[in-house]
Amino acid sequence: MTSQLNLDSVLRLILKSAAAMLSGEVGLIALTDEEGNFKAKATFGVEADRLHLFAPVLEDIGDAYGAGLNYEELDLKMKVVARALDIRLRQVIALPMVIHDENVGVIFVFRTYRVDPNPNDTAVLQSFADQAAVAVHNARLYQTVSAEQMRLAAILDHSADGIMILDSQGRITRFNKALGRITGRAASEAVGHMHDMVIVWNRIEQGTPLGAALAKGWPRPMPTEAPPDTLYVEGDLARPDGTQLSVGITYAPLLAEDGRVHNIIANVRDITNFRKAQQMQSTFISVISHELKTPVALIKGYAGTLRREDAKWDTNTIKNSLKVIEEEADRLTALIENLLAASKLQAEGMRLSLGDVRLDVLAARSVERFQMQTKTHKLVIHFAPNFPVIQGDETRLRQVIDNLISNAIKYSPKGGEIRISGSFDAGSVMVAVTDHGVGISQEDQEHVFQRFFRVEDALSRTTQGTGLGLYLAKAVIDAHRGTLAVESQPGKGATFRFTLPRQGSRTA
Ligand code: ADP
């Protein structure tokens, strides 16, 4: 009985033995709940669905127990139950199950005849009840421990961070779902294997890997009340499919009383986004400083030259120099405006001031302006006749068209035709800018609309740009509930196309 750990089977076994010992017809075990109330948990001789009929027997026994059970009262209650069950019951014997002065429950055995037990019988019965109490206590403890273990496993499994537990040899004993996603291995492939088989570094950015740290004497033996001596390693993890992921792993030792490592708990965090943000920040600083320096250097150079007192400049030179200064100052203004727009966009989203917009007219004006700046490119415009007037923010839509044309020119250094076309259907208007320049690889196409993203090639390094133009353009088009997308074949050019809904628009 005491070796059984499943509470239900323990109770059934106790009840069966008690009924057999006392030749009982019907039996019932009631256990105390957390509030000290007795609840029927197992029956013998009656169906479980009739348990509720025993309710009167269980009333007030909590109080009665301390002062000893009141058999007269129990007999009366038994009669009520017997009537309800339609069984002739003559005697009830109640055996309180007590362990460490705590009453864990009562075994009731009902008989159809009445024989009062002699003191010897009573002693045997009580010793049986004591054993039963131990069995119930053990089973309950086991139940609590298993429930606690399941709770812990659920917490581990639902944690968004990857978690694994290693034994003192570095063997994996636990491995949660999130870690499966991070490492690209299922728990079944990891548990039982060594840590180093699953955690394979392609590159370490910071810290000492676990094996080397252990060899160097990590963790330091510490008094148990001190915070554990944790180890942090950051870098790129190699996954079985050949990809890699940036992670940060914190190892915390669980030390035994003698100071030796019992377990190591590893918390693995995917830090891809953090890395991206870091990278963006450094790109931002280098791009901005480069973009600010160039026009400032030109302005300073030209202004310095004009100011020289030992030289006399003809009107043309002065005019041209002032033109450069003006253009570079405009470039600086545009850059600062873009930066402000980008930071404002992040803080409060985009606000539009809507009005009638004629995209065909806007595009024609842009083409005219840009054509004046380039001789190697031929700008061609073709808009469908009767192009609809749409509702939109004219200033911002002009910025979008300007940005697409300016990019088309910048990124087709050999020149060629740049085509700006407009079409529409019942629901939307489409504007496309096509060039025959360097184009954008499939992989980079996914990133060109991100803040500060610039394709890393020789051309980007020599052309001015901040990687903000397309980010802002996309934000403008999104705010109009439109779409902006790119199609490109590297080396053959690119087409940037936006569509805007015609809702609320009218024909010109
Ligand atoms: P910027 O031109 O200031 O660098 P954008 O946000 O306008 O920033 O563009 C982001 C990047 O996308 C550019 O740096 C360039 O690498 C690429 N790109 C944009 N337009 C084109 C185009 N028409 N052809 C090829 N690459 C382009």
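Reading the values: rules and limits
- Residues numbered from 1 in each chain as written.
- Predicted model: local features only at pLDDT ≥ 70, side-chain atom pairs only at ≥ 80, totals over all residues.
- Heavy atoms only, no water.
- Helix = DSSP H or I, 4+ residues; strand = E, 2+ residues; numbered from the N terminus.
- Rg over C-alpha atoms; globule rule 2.2 N^0.38 Å.
- Buried < 20%, exposed > 50% of the residue type's maximum accessible area, 1.4 Å probe, protein only.
- Contact = heavy atoms within 4.5 Å.
- Areas by Shrake-Rupley, 256 points an atom, 1.4 Å probe, with all protein chains shown as cover.
- Pairing = 2+ DSSP bridges.
- Salt bridge = Lys/Arg side-chain N within 4 Å of Asp/Glu carboxyl O.
- Axes fitted to C-alpha atoms, helices over the stretch in contact; angles between N-to-C directions.
- Parallel < 35°, antiparallel > 145°, perpendicular 65-115°, else oblique.
- Left-handed = near helix turned anticlockwise from the far one by under 90°.
- Near = heavy atom within 4 Å.
- Core = buried A, V, L, I, M, F, W, Y, C linked by side-chain atoms within 4.5 Å.
- Polar contact = N/O pair within 3.5 Å; in protein donor to acceptor, adjacent residues only side chain to side chain.

1. Digging into the overall build of the protein chain
Next, step 1: In terms of regular secondary structure, the protein chain is built from 16 helices and 18 strands.
Next, step 2: Its C-alpha atoms give the protein chain a radius of gyration of 41 Å, more than 25% over the compact-globule value 23 Å for 508 residues.
Next, step 3: Taken along the three principal axes of its C-alpha coordinates, the protein chain extends 135 × 65 × 40 Å.
Next, step 4: Out of the 508 residues in the protein chain, the part that is buried amounts to 40%.
Next, step 5: Counted over contacts in the protein chain with a minimum sequence separation of 6, partners at least 24 positions apart contribute 61%.
Next, step 6: Summing over all exposed atoms, the protein chain offers an accessible surface of approximately 28800 Å²; the carbon and sulfur share of this is 52%.

2. Some remarks on the pairing of strand S10 (residues 261-270)
Next, step 1: In the sheet, strand S5 (residues 162-167) pairs with S10 via 6 bridges, with the strands oriented antiparallel. The residue bridging Asp167 from the neighbouring strand is Asn263, located in S10.
Next, step 2: Both strand S9 (residues 244-255) and S10 contribute to a ladder of 9 bridges, which runs antiparallel. In the sheet register, Ile249 faces S10, and the bridge partner there is Val268.

3. Some details on the pattern of salt bridges
Next, step 1: A complete count under the given rule lists 21 salt bridges for this structure.
Next, step 2: Asp161 serves as the salt-bridge partner of Arg269, at 2.7 Å between the closest nitrogen and oxygen. In this pair, Arg269 sits in strand S10 while Asp161 sits in the loop between helix H5 (119-158) and S5, placing the two residues 108 residues apart along the sequence.
Next, step 3: Look at Asp161 and you get buried, because its relative accessible area is 16%.
Next, step 4: With a shortest N-O distance of 3.0 Å, Asp236 and Arg203 are connected by a salt bridge. Of this pair, Asp236 sits in strand S8 (residues 231-238) while Arg203 sits in strand S7 (residues 201-206), placing them 33 residues apart in sequence.

4. Details of the packing of helix H11 (residues 315-348) against helix H16 (residues 469-479)
Next, step 1: One can describe the packing of H11 onto H16 by two numbers: an axis separation of 10 Å at closest approach and a directional angle of 50°. When the interaxial angle is binned, H11 and H16 end up oblique. As for how H11 packs across H16, the hand of that crossing is left-handed. Of the residues in H16, those in contact with Asn338, Ala341, Ala342, Leu345 and Gln346 of H11 are Tyr471, Leu472 and Ala475.

5. Examining the pairing of strand S2 (residues 38-44)
Next, step 1: Pairing geometry for strand S1 (residues 26-32) and S2, over 6 bridges, is antiparallel. Residue Ile29 lies in a different strand from S2, and its bridge partner there is Ala42.
Next, step 2: Where S1 folds back onto S2 in an antiparallel hairpin, the turn is made up of 5 residues, including Gly36, whose phi is positive at roughly 90°.

6. Regarding the site of the ligand
Next, step 1: Residues in contact with the ligand amount to 20 residues; listed here are only the nearest, Asn407, Tyr411, Arg454, Thr466 and Leu470.
Next, step 2: In isolation the ligand has 530 Å² of accessible area, and contact with the protein removes 97% of it.
Next, step 3: Those elements giving two or more residues to the shell around the ligand turn out to be helix H13 (394-410) and H16.
Next, step 4: Here the element with the most residues in the shell around the ligand is H13; it accounts for 3 residues.

7. Comments concerning the nonpolar core
Next, step 1: The biggest cluster of nonpolar side chains holds 35 residues, and the ones touching the most others in it are Leu359, Leu397, Ile405, Ile420, Phe496 and Phe498.
Next, step 2: With 7 residues, H13 is the single largest residue contributor to this core.
Next, step 3: Beyond its immediate sequence surroundings of up to four residues, Leu359 is in contact with Phe383, Phe387, Ile390, Leu397, Ile401, Val429, Val431, Phe498 and Leu500.
Next, step 4: Counting residues in hydrophobic clusters, the runner-up holds 25 residues, among them Leu15, Leu95, Val104 and Ile107.

8. Observations regarding the side chain of Thr499
Next, step 1: One can find Thr499 in strand S17 (residues 493-501).
Next, step 2: Reaching out from Thr499, the side chain makes a polar contact with the side chain of Thr483 at a distance of 2.6 Å.
Next, step 3: Leave out the neighbours within four places in its chain, and Thr499 touches Val429, Met430, Ile477, Gly482 and Thr483.

9. Some words on the environment of Phe449
Next, step 1: For Phe449, the position within the fold is in the loop between helix H14 (442-445) and helix H15 (458-462).
Next, step 2: Overall, Phe449 belongs to the buried group, its relative accessible area being 14%.
Next, step 3: Ignoring any residue separated from it by four or fewer positions in sequence, one finds Phe449 in contact with Leu470, Tyr471, Lys474, Leu484, Ala485, Val486 and Phe496.

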